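Summary of the model geometry
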Amino acid sequence: MKKRWILLLSVLLGLIILVVGLLVYIYPKEKLTMDYTRVQYEEKFADIVRRLEPEIILNESDINAIIKSNLDTQLNEQLVIEGAHFTVGDQKLYAKLNVKALDAVRAELLAVYLIEWKEPELKLIPVELKVKQVTLPTSVLKEIAIQIYDTNNAIVSVERLSTIGNELVIRLKFNLFR
């Protein structure tokens, strides 16, 4: 009888250590927020005039601001985004997400989205999701669609999107004569 209690306590202690270890392993390394500074579009348009190139160049700060302002933080009933940081490269958006599951467990998710332009929206399609090195189904994530302009009233529209280094370059075309 005494051996059973010792075995039971050993198993219970092992499970507690395993659960605590798992929670520490998935806990976010850095505290991210959903705060952002509004993009200064006036400066972006002035830059177009200075360079005489119909391109808007969005840096990392701009990208974070635009996506955070259009992101639904409620991924599903049990999962909420508490903070995020976004970078781009190779026509992909890389997201580091601090999430809270079941109002208790915090974790750091790493997501990859494919960047697509489907007039008049910038579409971010989830293609990969991980917790550390463990792959999760991308169905947890939602596609992000950011409407850039109204196609009926647009004097300027987007010709193409591309990434150069860690910047998103939006090539514009003028629709003066329809």
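Structure: above.
What you see is a predicted model; the values in this text were computed from it and never measured.

Our focus in this paragraph is the overall build of the protein. When its secondary structure is counted, the protein shows three helices and nine strands. Shown N-terminal to C-terminal, the secondary structure of the protein runs as helices and strands in the order α-α-β-α-β-β-β-β-β-β-β-β. A compact globule built from 178 residues would reach a C-alpha radius of gyration of about 16 Å, whereas the protein, at 22 Å, exceeds it by more than 25%. With 178 residues in all, the protein has 34% of them scored as buried. For the protein, the accessible area works out to roughly 11,600 Å², and carbon and sulfur atoms hold 59% of it.

This brings us to the sheet that holds strand S1 (residues 55-58). Reading across the sheet, the three strands line up as S1-S9-S8 and stay open at both edges, with antiparallel pairing between neighbours. Because the sheet does not close on itself, it has two edges, and the strands there are S1 and strand S8 (156-164). Strand-to-strand twist of the sheet, defined as the mean angle between neighbouring strand axes without regard to direction, takes the value 20 degrees. Examined bridge by bridge, S8 and strand S9 (residues 167-174) share eight bridges and lie antiparallel to one another.

With that settled, the discussion passes to unusual backbone geometry. Along the chain, glutamate 119 connects to proline 120 via a cis peptide bond; the corresponding omega equals 5 degrees. Relative to the assigned elements, proline 120 resides in the loop between strand S4 (105-118) and strand S5 (121-131). The phi dihedral of glutamine 91 is positive, around 60 degrees, even though this residue is not glycine. Relative to the helices and strands, glutamine 91 is located in the loop between strand S2 (79-89) and strand S3 (92-101). Phi at lysine 132 is positive, roughly 55 degrees, even though this residue is not glycine. Mapped onto the fold, lysine 132 is located in the loop between S5 and strand S6 (134-135).

Per the counting criterion, the structure on display carries 14 salt bridges. Among the ionic pairs, aspartate 47 bridges to arginine 51, the shortest N-O distance being 3.0 Å. Residue aspartate 47 and its partner arginine 51 are both found in helix H2 (residues 41-51); the two are separated by four residues, about one turn of the helix. Relative accessible area serves as the criterion here: at 23%, aspartate 47 is assigned to the partly exposed category. When the shortest N-O distance is used, the salt bridge between glutamate 121 and lysine 123 registers 3.1 Å. If you follow the salt bridges from partner to partner, you end up with Asp47, Arg50 and Arg51 in one network.

With that out of the way, let us pick up a nonpolar patch on the surface. Nonpolar side chains collect at one region of the surface, where Leu9, Leu12, Ile16, Val20 and Val24 lie side by side and expose about 480 Å² of accessible area between them. Take valine 24: it is sitting in helix H1 (residues 2-26). By relative accessible area, valine 24 is classed as exposed at 61%.

For the rest of this paragraph, the subject is the nonpolar core. Counting 40 residues, the largest nonpolar core has Phe86, Leu93 and Leu97 as its most contacted members. Those residues within four positions of leucine 93 in sequence are excluded, and the remaining contacts are Ile63, Ile67, Phe86, Thr87, Val88, Ala111, Val112, Tyr113, Ile115 and Leu124.

For H1, with 25 residues, the first-to-last C-alpha span of 37 Å sits near the 36 Å given by 1.5 Å per residue. Across the 25 residues that make up H1, only a small minority, one, are buried.

Moving on, we come to the side chain of glutamate 55. Among the structural elements, glutamate 55 can be located in strand S1. The class for glutamate 55 is buried, based on a relative accessible area of 16%. One polar contact links glutamate 55 to arginine 171, side chain to side chain, over a distance of 3.3 Å. When residues no more than four places from it in sequence are discounted, the contact partners of glutamate 55 are Ile48, Val169, Ile170 and Arg171.

Conventions adopted
Residues numbered from 1 in each chain as written. Predicted model: local features only at pLDDT ≥ 70, side-chain atom pairs only at ≥ 80, totals over all residues. Heavy atoms only, no water. Helix = DSSP H or I, 4+ residues; strand = E, 2+ residues; numbered from the N terminus. Rg over C-alpha atoms; globule rule 2.2 N^0.38 Å. Buried < 20%, exposed > 50% of the residue type's maximum accessible area, 1.4 Å probe, protein only. Areas by Shrake-Rupley, 256 points an atom, 1.4 Å probe, with all protein chains shown as cover. Pairing = 2+ DSSP bridges. Axes fitted to C-alpha atoms, helices over the stretch in contact; angles between N-to-C directions. Salt bridge = Lys/Arg side-chain N within 4 Å of Asp/Glu carboxyl O. Patch = residues over 30% accessible without salt bridge, like charges linked within 9 Å, V, L, I, M, F, W, Y side chains within 5 Å. Core = buried A, V, L, I, M, F, W, Y, C linked by side-chain atoms within 4.5 Å. Contact = heavy atoms within 4.5 Å. Expected span 1.5 Å × (residues − 1). Polar contact = N/O pair within 3.5 Å; in protein donor to acceptor, adjacent residues only side chain to side chain.

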